[in-house]
Amino acid sequence: MNAMRIIQAVLVGGFLFGLYVVAMLWPGALDGPMSFMVADGPVAAAQKNVFWYTVWVSLFLMVTVGSVFIYAIYRFRAKPGADFAVPEQSHGSAKVEIALIVASCLLLVVIAIPNARALFYVDSVPQERREEAIKVVAIGHQWWWEFQYPDLGVTTANELYIPVGKPIEVEIRSADVLHSFWVPRLAGKMDAVPGQINRMWFQADKAGTYQGHCTEYCGDSHANMRFLVEARDDAEFEQWLRNEKKDAAAPASVQEVNGQRIFMQGCNACHMVKGTGAMGMVGPDLSHFAGRKTLGAGIFENNDENLAKWIKYPQQMKPGNLMNLQQVNMVLSDRDVDALVAYLNSLK
Ligand code: CUA
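K.L.:
Describe in detail the overall build of the protein chain, supporting the description with residues and values.
P.N.:
Within the protein chain one finds eight helices and 12 strands. Computed over the C-alpha atoms, the radius of gyration of the protein chain is 28 Å, more than 25% above the 20 Å expected from 2.2 N^0.38 for a compact globule of 348 residues. Referenced to the eigenvectors of the C-alpha coordinate spread, the extents of the protein chain come out at roughly 100 × 45 × 40 Å. Looking at the 348 residues of the protein chain, the share that counts as buried comes to 39%. For the protein chain, contacts bridging at least 24 residues in sequence account for 64% of all contacts bridging at least 6. Here the protein chain has roughly 19,800 Å² of accessible surface; of this, 61% comes from carbon and sulfur atoms. Placing the 30 positive and 34 negative side-chain charges of the protein chain at their respective mean positions leaves the two points 5 Å apart.

Set out below in structure tokens:
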């Protein structure tokens, strides 16, 4: 390959890389709900900053080495009519080699210090803020998330309520296989490993809904294993908590009573409804089901139509889903399904 070819290749490569960088930096290109380029809390910010810092140092290195390389190719190319005798060669310069080793080490140190600092920062809630931290146990199941608040005495599923501006200390476990807990705008991912407890923390700086996703392949419905983090100001969080601590509402209408009766003939084997005889621990706790926005771990809007479909055809709604009506000998008529929908919707 001659020198011009190499230069062309480098230029084309550089152009494509440049396009990539421009696309990344383009306003709006990276601010989607699952973008880790938007940091809505201090942990995500620390991770994002260290990412960009490392990218810039690496870019500096690439441009520096690349320009010397291109210059050398151009400067020492075979010119037409030049004599092709091999020029005088030199081997081993202690000075140059030591200088290059020192420069490389310095660059590594320059990258390592902020990275190490960020690693320690994101590892656990800063000492002086431990007191105000809210503890959450996040348990990955095939294919949904259980969220327990051990100090507050409540358990929920797929929608994690947190107070704004407070550090959230998360203990991550798995009930079955490998999963991974990831809310890109709040913090980097952390695996849920069977038989092991992993820890992380994060904080949301503003109220809102943050999307999360399981990010370790965990079987048929891995892609359907989403969740939401709902950050609320203190008053709203307290209100949510007070409601969550209560027993489930008692059925009011005839249809709801009917729904509860059907629920107790099978659904109760897997689901908990606080204050009733339903104490199943296999599926999500449904004590305050009607307060949830989504169904099936963040994949469907929680409305009557979707709920009825979910109860009738859980396998079509979410392939591989462990909800299995045959297993608990449930055969449901359309009227039964409507009654169940009414009952579940009464669980505010
Ligand atoms: Cu759970 Cu992928």
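There is more to say, and it comes next.
K.L.:
Any chance you could break down the packing of aromatic side chains for me, citing the residues and the numbers?
P.N.:
A complete count under the given rule lists 15 aromatic pairs for this structure. With 6.4 Å between their ring centres and 40° between their planes, Phe-17 and Tyr-20 make a pair best called tilted. You can see Phe-17 and its partner Tyr-20 sitting in helix 1 (residues 3-25), three residues apart, about one turn around the helix. Its relative accessible area of 35% is what places Phe-17 among the partly exposed residues. Put simply, the rings of Trp-145, Phe-147, Phe-181, Phe-202 and Phe-227 pair up and form one aromatic cluster.

K.L.:
Explain the packing of helix 6 (residues 304-312) against helix 8 (residues 334-345) to me, using residue names and the numbers behind them.
P.N.:
Taken N-terminus to C-terminus, the directions of helix 6 and helix 8 make an angle of 125°; their axes are 9 Å apart at the nearest point. As judged from the angle between their axes, helix 6 and helix 8 are oblique. The handedness of the crossing between helix 6 and helix 8 is right-handed. Along its contact with helix 6, which presents Asp-304, Leu-307, Ala-308, Ile-311 and Lys-312, the element helix 8 presents Asp-334, Val-337, Leu-340, Val-341, Leu-344 and Asn-345. Per-class residue counts for the contact of helix 6 with helix 8 are seven nonpolar, one polar and three charged.

Cut-offs and rules
- Every chain is numbered on its own, with residues counted from 1 as its sequence reads.
- With pLDDT at 70 or above as the cut-off, local features in this predicted model cover only qualifying residues; side-chain atom pairs require 80 or more to be listed or tallied, and sums for whole chains, interfaces and linings still use all residues.
- Hydrogens and waters are ignored; side-chain quantities use all the structure's heavy atoms.
- Under the scheme used here, helices are H or I runs from DSSP no shorter than 4 residues and strands are E runs no shorter than 2 residues, and both carry numbers assigned from the N terminus.
- The globule rule is 2.2 Å times the number of residues to the power 0.38, and the radius of gyration it is compared with is taken over C-alpha atoms.
- Burial here depends on accessible area, computed with a 1.4 Å probe over protein chains only, as a share of the maximum for the residue type. Under 20% is buried, over 50% is exposed, and the range in between is partly exposed.
- We call two residues in contact when some of their heavy atoms are within 4.5 Å.
- For every accessible area listed, the method is Shrake-Rupley and the probe measures 1.4 Å; residues are considered covered only by the protein chains on display.
- Here the positive residues are Lys and Arg and the negative ones are Asp and Glu; neither His nor the chain ends is included.
- Throughout, a charge is located at the NZ atom of Lys, the CZ atom of Arg, the CG atom of Asp or the CD atom of Glu.
- Stacked, tilted and edge-to-face pairs are distinguished by plane angle, under 30 degrees for stacked and over 60 for edge-to-face with tilted covering the rest, among Phe, Tyr and Trp rings (Trp via its six-membered ring) whose centres lie within 6.5 Å.
- The angle between two axes is taken between their N-to-C directions and runs from 0 to 180 degrees, where each axis is a line fitted to C-alpha atoms and a helix contributes only its stretch in contact.
- Angles are sorted into four bins: roughly parallel if under 35 degrees, roughly antiparallel if over 145, roughly perpendicular if 65 to 115, and oblique for all others.
- The sense of a crossing depends on the near helix, which, turned anticlockwise from the far helix by less than a right angle, makes the crossing left-handed and, turned clockwise, makes it right-handed.
- Gly counts as polar in this scheme, as do all residues outside two lists: the nonpolar Ala, Val, Leu, Ile, Met, Phe, Trp, Tyr, Cys and Pro, and the charged Asp, Glu, Lys and Arg.

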